[in-house]
Each structure stands twice: as C-alpha cells, then as structure tokens.
Amino acid sequence: MTATVLDPTTALIVVDLQKGITALPTAHPSAGVIANAATLADSFRAKGLPVILVRVTGGAPGRTEGPARSGQPAADWAEIVPEMGPAEGDIIVTKQQWGAFYGTDLDLQLRRRGVTQVVLAGIATSIGVESTARSAHEHGYHVTLATDAMTDMSGEAHDNSVQRVFPRLGETGTTDEIVKLLG
C-alpha cells in the first residue's frame, strides 16, 4: 500500500545512519539510502516538523546464536553521518538495543511535541527500523516507512520486512511520495 496521508504532527525517525553502520556491506548502496533520508530530513525541517536521529552505541545483553562483535569499534563508529546533520533542533536518541523506544526517551520526546505519526528510515531494515516500527505501532503512532531510505545487510531480510511485516504495521512509500504528502 502506498502512503496515503501524513498527520499534521508527523515526525521523521532516522535509525542508525551512523559511520559504523553505513560502512557495512548492505543490500542496497548506503549512499542512496543516506541521500534519500537526507532529502526526507530536509523536507521535514523545512516544514518545522521534528527530525529524530537515532544512533546505537551498545547491544542488549543476553546469549544469541549470531556472531558476537569482535574488537573495539572505531572512535567515530557511533557518529551520525554528516549528510544527516544534525541540524539545529534535531533530536538525538542514543539506544543500546535494536529498537529506538526501549530504554530511551523517544516516546516522551514525541508526545511532548504532539506527534501522532512517524516516518521511518535507516539501516538495518529488519533490525533497527523494523523494531522501531513495531514499537511505534504498539505505542499507537501511525507508521509510514520510506522503503527507498532504508536497507539491510541482507536483501532477503529487507524484502521480508517491506513485503510481509511493514504492511501490518503501517503504510509504505518512497521518499518522493512522502515528500509530496508533506506538501
């Protein structure tokens, strides 16, 4: 389903477009994802709407079967890519797990501003973006996902989220479609 409407109090949430994440190999070139996310951010800023830039600096505890990160990340690993700003007035949220709501003040920041809808972009589609979308949906926000402003390390995982999960959480659209809805 193509995005149909944006509420007057919609916020943009950009997940993990930081130097350490964007340097990883992805299914779609991260340069295009960053460019589309930057277009969205510029459009939201021009309308005086909130832009939230999320970065991850840790990981949730617990055993997993997946490979653990080895070594120390680069000093600038958690820095938001320069194309995203931040611009004056942007909100920076630092998380320690996949989703941007748990353990952060994101919900409080949105509610203080009267936000009723969120547009999501970022890396990785099936991890940080999907986790944040699920939580936004559970918190009662209308959710729109900018499918050309996100990617994953796996094309199959990206496609699964976009085709099977996101339609159950909200609406999807391209950067151009979402910018047009902003008016």
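Structural data are supplied above this passage.
Here we summarise the structure given alongside this text.

Thresholds, definitions, all that
- Residues numbered from 1 in each chain as written.
- Predicted model: local features only at pLDDT ≥ 70, side-chain atom pairs only at ≥ 80, totals over all residues.
- Heavy atoms only, no water.
- Axes fitted to C-alpha atoms, helices over the stretch in contact; angles between N-to-C directions.
- Helix = DSSP H or I, 4+ residues; strand = E, 2+ residues; numbered from the N terminus.
- Parallel < 35°, antiparallel > 145°, perpendicular 65-115°, else oblique.
- Contact = heavy atoms within 4.5 Å.
- Nonpolar A, V, L, I, M, F, W, Y, C, P; charged D, E, K, R; others polar.
- Buried < 20%, exposed > 50% of the residue type's maximum accessible area, 1.4 Å probe, protein only.
- Pairing = 2+ DSSP bridges.

Let's talk about the packing of helix H2 (residues 30–46) against helix H6 (residues 175–182)
- It is the contact of H2 with H6, at a shortest axis distance of 10 Å, that shows an interaxial angle of 5°. When the interaxial angle is binned, H2 and H6 end up roughly parallel. Across from Asn-36, Thr-39, Leu-40, Ser-43 and Phe-44 in H2, the residues of H6 making contact are Thr-175, Ile-178, Val-179 and Leu-182.
- The residue makeup of the contact of H2 with H6, split by class, is five nonpolar, four polar and no charged.

With respect to the pairing of strand S2 (residues 51–56)
- Taken across its six residues, S2 has five buried, putting it largely inside the fold.
- Bridging between strand S1 (residues 10–15) and S2 involves four bridges; their strand directions are parallel. The partner of Val-14 across the bridge, within S2, is Leu-53.
- Looking at chain direction, S2 and strand S3 (residues 91–95) are connected through five bridges and run parallel. Within S3, the residue paired with Leu-53 across the bridge is Ile-92.

Side note on the sheet that holds strand S5 (residues 142–151)
- Strand order in the open sheet made by the six strands is S3-S2-S1-S4-S5-S6, with parallel pairing throughout. Across the chains shown, the open sheet's two edge strands, defined by having one partner strand only, are S3 and strand S6 (171–173). Going across the sheet, the axis of each strand differs from the next one's by a mean of 25°, ignoring polarity.
- By the bridge criterion, three bridges tie S5 to S6 in an arrangement that is parallel. The partner of Ala-146 across the bridge, within S6, is Gly-173.
- Each of S5 and S6 is contacted by helix H5 (residues 155–169), which is oriented at about 170° to S5, the strand it contacts most.
- Contacts from H6 reach strand S4 (117–123), S5 and S6, with the element oriented near 140° to S5.

That is the geometry; function is a separate question.
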